[in-house]
Amino acid sequence: MTAAAVFAIEDALAQYDPVLGLEVHVELNTNSKMFCGCPTEFGAPPNTQTCPVCLGLPGALPVVNAKAVEAAIKIGLALNCEIAEWCRFARKNYFYPDMPKNFQTSQYDEPIAFDGWTEVVVDGETYRIEIERAHMEEDTGKSTHVGGATGRIHGASHSLVDYNRAGIPLIEIVTRTIEVAPEKAAAVARAYVSMLRDLLLALDVSDVRMDQGSLRCDANVSLKPHGSTVLGTRTETKNVNSFRSVERAVTYEITRQAAVLASGEKVLQETRHWHEDTGVTTSGREKSDADDYRYFPEPDLVPVAPSREWVEELRGTLPEAPSTRRVRLQEEWGFTDLEMRDVINGNALELVVGTVELGVSAAAAKKWWLGELARAANESGLELGSLGVGAAEVAEVQKLVDDGALNDKLARQVFDGLVKGEGTPAQIIEARGLALVSDDSALIEAIDRAIAANPDVVEKVNSGKPAAAGALIGAVMKDLRGQGDAAKVRELLDAKLGI
Ligand SMILES: Nc1ncnc2c1ncn2[C@@H]1O[C@H](COP(=O)(O)OP(=O)(O)OP(=O)(O)O)[C@@H](O)[C@H]1O
Ligand SMILES: [Mg+2]
Ligand SMILES: [Mg+2]
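Residues numbered from 1 in each chain as written. Chains lettered and ligands numbered in written order. Predicted model: local features only at pLDDT ≥ 70, side-chain atom pairs only at ≥ 80, totals over all residues. Heavy atoms only, no water.

Colleague: Outline the overall build of the protein chain, listing residues and values.
Modeller: A tally of helices and strands in the protein chain yields 16 helices and 15 strands. By the compact-globule yardstick of 23 Å for 499 residues, the protein chain is too spread out, its C-alpha radius of gyration being 31 Å. Seen along its three principal axes, the alpha-carbon backbone of the protein chain occupies a region of about 105 × 60 × 45 Å. Sorting the 499 residues of the protein chain into buried and exposed places 43% on the buried side. In the protein chain, the share of contacts with a sequence separation of at least 24, taken over all contacts with a separation of at least 6, comes to 67%. For the protein chain, the exposed surface amounts to about 24,700 Å²; the carbon and sulfur share of it is 52%. Taking the 51 positively charged and 75 negatively charged side chains of the protein chain as two groups, their mean positions are separated by 2 Å. (Helix = DSSP H or I, 4+ residues; strand = E, 2+ residues; numbered from the N terminus. Rg over C-alpha atoms; globule rule 2.2 N^0.38 Å. Buried < 20%, exposed > 50% of the residue type's maximum accessible area, 1.4 Å probe, protein only. Contact = heavy atoms within 4.5 Å. Areas by Shrake-Rupley, 256 points an atom, 1.4 Å probe, with all protein chains shown as cover. Lys, Arg positive; Asp, Glu negative; His and termini not counted. Charge placed at Lys NZ, Arg CZ, Asp CG, Glu CD.)

Colleague: So what about the coordination of the magnesium ion (ligand 3)? Which residues, and what values?
Modeller: For a metal bound by four donors in tetrahedral geometry, the ideal donor-metal-donor angle is 109.5 degrees, whereas six donors in octahedral geometry ideally sit at 90 or 180 degrees. The magnesium ion (ligand 3) binds to the protein through Glu-23 (OE), Glu-23 (OE) and Glu-236 (OE); the donor distances cover 2.1 to 2.2 Å. Separating the magnesium ion (ligand 3) from the magnesium ion (ligand 2) is a distance of 3.4 Å, and Glu-23 supplies a donor atom to each of them. With Glu-23 in strand E1 (residues 16–27) and Glu-236 in strand E12 (residues 235–240), this pair connects stretches of sequence that are 213 residues apart. There is no split in this pair, since Glu-23 and Glu-236 are both buried. (Donors = N, O, S within 2.8 Å, 3.2 Å for Na, K, Ca; no water.)

Colleague: Describe unusual backbone geometry, and please don't skip the residues or the numbers.
Modeller: Positive phi, close to 55 degrees, is recorded for Asn-80, a residue that is not glycine. Looking at the secondary structure, you find Asn-80 in the loop between helix H2 (66–78) and strand E2 (82–83).

Colleague: For the domain arrangement of the protein chain, give the residues involved together with the corresponding values.
Modeller: According to the domain assignment, the protein chain consists of domain 1 (3–315), domain 2 (322–432) and domain 3 (440–497). Distance between the C-alpha centres of domain 1 and domain 3: 72 Å. (Domains from an automatic or database assignment.)

Colleague: Can you explain the pattern of salt bridges? Please cite residues and give values.
Modeller: Any two side chains of opposite charge can pair, so long as their charged atoms come close to each other. Applying the stated criterion to the full structure yields 39 salt bridges. Put simply, Asp-115 and Arg-176 hold a salt bridge, and the shortest N to O gap is 2.6 Å. Taken together, the residues Asp-115 in strand E5 (residues 113–122) and Arg-176 in the loop between strand E9 (169–175) and strand E10 (178–179) connect sequence positions 61 residues apart. One salt-bridge network, in which partners are shared between bridges, spans Glu-27, Asp-139, Arg-165 and Arg-216. (Salt bridge = Lys/Arg side-chain N within 4 Å of Asp/Glu carboxyl O.)

Colleague: Can you tell me about the sheet that holds strand E15 (residues 296–297), naming the residues and giving the values?
Modeller: Reading across the sheet, the 3 strands line up as E4-E3-E15 and stay open at both edges, with antiparallel pairing between neighbours. Because the sheet does not close on itself, it has two edges, and the strands there are strand E4 (103–106) and E15. Here strand E3 (residues 90–93) runs beside E15; their pairing, made up of 2 bridges, is antiparallel. The residue of E15 that forms the bridge with Arg-91 is Phe-296. (Pairing = 2+ DSSP bridges.)

Colleague: Please give an account of the site of ligand 1 that cites residues and values.
Modeller: Within the structure, ligand 1 sits among 20 residues, and Lys-92, Thr-175, Ser-222, Gly-232 and Lys-287 are positioned closest to it. The contact in question runs from an oxygen atom of ligand 1 to an N or O atom on the side chain of Asn-220, over 3.3 Å. For ligand 1, a nitrogen atom lies 2.6 Å from a polar atom in the side chain of Ser-222. Relative to its unbound accessible area of 640 Å², ligand 1 is 83% covered by the protein chains. Elements that contribute at least two residues to the shell around ligand 1 include exactly E1, E9, strand E11 (215–225) and E12. Ranked by residue count, the leading element in the shell around ligand 1 is E1, at 5 residues. When grouped by side-chain class, the residues that make up the shell around ligand 1 number 5 nonpolar, 6 polar and 9 charged. (Near = heavy atom within 4 Å. Polar contact = N/O pair within 3.5 Å; in protein donor to acceptor, adjacent residues only side chain to side chain. Nonpolar A, V, L, I, M, F, W, Y, C, P; charged D, E, K, R; others polar.)

Colleague: Before we move on, can you summarise the pairing of strand E6 (residues 125–138) with the specific residues and values?
Modeller: Sheet topology note: the E5/E6 ladder contains 9 bridges and is antiparallel. Bridging from a neighbouring strand, Glu-119 pairs with Arg-128 of E6. Where E5 hands over to E6, the hairpin turn is made up of 2 residues, of which Asp-123 adopts a positive phi near 50 degrees. Here E6 runs beside E9; their pairing, made up of 7 bridges, is antiparallel.

Colleague: Residues and numbers for the packing of aromatic side chains, please.
Modeller: Describing an aromatic ring pair means giving the distance of the ring centres and the angle of the ring planes. A complete count under the given rule lists 6 aromatic pairs for this structure. Summarising the aromatic geometry, the rings of Tyr-94 and Tyr-293 are spaced 6.5 Å apart at their centres and angled 70 degrees between planes, so their arrangement reads as edge-to-face. Taken as a pair, Tyr-94 in the loop between E3 and E4 and Tyr-293 in the loop between strand E14 (280–286) and E15 lie far apart in primary sequence, 199 residues in all. Look at Tyr-94 and you get partly exposed, because its relative accessible area is 21%. Judged by centre distance (4.8 Å) and plane angle (40 degrees), the rings of Trp-368 and Phe-415 are tilted. In this pair, Trp-368 is assigned in helix H9 (residues 362–380) and Phe-415 in helix H11 (residues 408–419), connecting sequence segments 47 residues apart. A residue is classified by how much of its surface remains accessible, and Phe-415, at 1% relative accessible area, is buried. The rings of Tyr-94, Tyr-108, Tyr-293 and Tyr-295 are connected pair by pair, giving a single aromatic cluster. (Phe/Tyr/Trp six-rings, centres within 6.5 Å; stacked < 30°, edge-to-face > 60°.)

Colleague: Summarise the layout of surface pockets; cite the residues concerned and give the values.
Modeller: Here the second largest pocket is characterised by a volume of approximately 1,000 Å³. Along its surface, the second largest pocket is lined by 30 residues, and Ser-194, Met-195, Asp-198, Ile-344 and Asn-347 are the ones closest to its centre. Those elements giving two or more residues to the lining of the second largest pocket turn out to be E5, helix H3 (182–203), helix H4 (243–262), helix H6 (322–333), helix H7 (337–345) and helix H8 (349–357). The greatest single-element share of the lining of the second largest pocket, amounting to 10 residues, is contributed by H3. (1 Å grid on protein atoms, 1.4 Å probe; cavity = no way out; pocket = protein on both sides within 12 Å on 5 of 7 lines; lining within 4 Å. Points joined across faces, edges and corners; volume = space filled by probe spheres on them.)

Structure (structure tokens):
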């Protein structure tokens with residue numbers, strides 16, 4: 001790219017604000033499919049988990065999976081949504097081999113959950129994200145295009161379809177448009193998908209494996225001139241399948257659209273595909289808002305009307321919301337805003353939680369995580385949470401300190417060994433010879449050596465200056481290379497000198 005072109009893009013970026021919209025599909029972890037009893041297990045041989053209903057054979061009748069409705073309500077509640085008192089499924093009609101019925105059973109204008117919100121934290125700042133709706137639908141079959149020159153659909157000689165996935169319950173969670181500064185947009189998108197993953201895991205409604213496609217994100221991106229109230233044209237990048245890809249794809253689209261606008265052209269409304277290897281999106285199909293799926297209410301399924309009692313019962317089973325939990329933990333631990341920010345930005349919240357749950361005081365957990373380990377993370381340019389040191393190891397080291405087997409100085413060396421991957425705390429203590437000497441005979445030997453080497457100090461003590469004994473403690477500790485148990489040394493020395 002020429003310098004002029006780069007300048008033009010930067011210039012364009014300075015004039016526009018990105019607008020995002022995230023559609024996340026979650027495959028539920030129910031044992032059976034959305035509208036039939038077929039199993040949902042991943043990885044079975046193609047087309048072995050199918051029946052007339054999910055194959056769309058004429059005359060087959062679907063029945064709603066109550067567990068999927070329950071999961072949908074839990075997700076809706078966790079995202080602060082209203083739960084519909086009455087809602088229906090709708091047919092989304094389209095013709096494609098991955099959907100043998102020629103329509104996907106989905107929800108349209110009557111979703112089970114709507115008008116919610118959630119929050120994400122990026123660089124210590126909280127961003128509120130409005131949820132437009134969360135609706136139930138079924139997954140489609142999986143097509144594989146094979147043969148031919150490129151292995152891609154246009155060059156493929158034929159396509160294979162596996163209907164094992166057809167009919168697996170999906171929840172689609174759709175945000176309202178998110179307006180965020182260009183330098184934060186990609187990080188906010190990533191934080192949102194990552195937060196959703198944590199939330200869905202905590203709700204136990206999905207195994208949320210992005211690599212296996214049980215959590216998939218479509219990222220809508222557009223650019224809008226500063227101050228304008230009119231949205232720009234969006235592109236929809238499909239099936240981005242890792243947190244990092246979400247971040248990269250959003251950044252790529254913002255830059256690409258800025259380049260398009262800078263060159264005086266218009267952004268096309270279309271779906272795009274993300275290529276992990278090359279880090280670019282390419283054009284998919286044109287998609288207008290007027291795309292006619294000829295939605296109409298599904299006549300073969302009864303409406304879903306969850307009773308308010310059931311909804312409240314499910315609300316009672318929800319785990320604490322991540323944002324509420326953060327505030328509670330900060331208060332319980334007595335961490336400052338800054339300390340909490342460091343923990344969260346370092347992706348170490350669960351590590352600190354784990355450390356405290358293992359019985360370590362919040363003060364000790366803070367001392368190690370935000371002292372020793374944060375320093376090591378800084379030095380190596382890693383995130384605190386990616387150092388490879390676990391909560392169990394920190395708890396183990398602290399226990400050794402509490403038991404008097406290590407002092408803080410030695411503990412710091414154990415942490416250094418942990419960060420450098422030298423093994424378990426016990427192995428590091430052994431290999432580096434870090435054990436605190438508290439064995440009486442070893443201490444007495446060192447005390448005797450100190451007394452023999454410092455007759456003048458002993459003289460002073462004997463002549464009524466007990467404070468002079470401090471010099472002897474220093475000598476003993478030096479002899480023991482700082483590994484003597486200081487309290488014990490003092491006690492034994494006092495006894496020896498009769499003070
Ligand atoms: N101009 C825009 N720029 C960025 N995002 C937008 C814009 N307009 C709408 N969006 C967002 O795009 C997403 C649209 O998702 P939605 O499921 O409603 O429709 P769709 O993508 O047309 O349908 P489908 O589910 O068939 O893909 C929403 O998150 C919405 O907030
Ligand atoms: Mg959608
Ligand atoms: Mg979409």
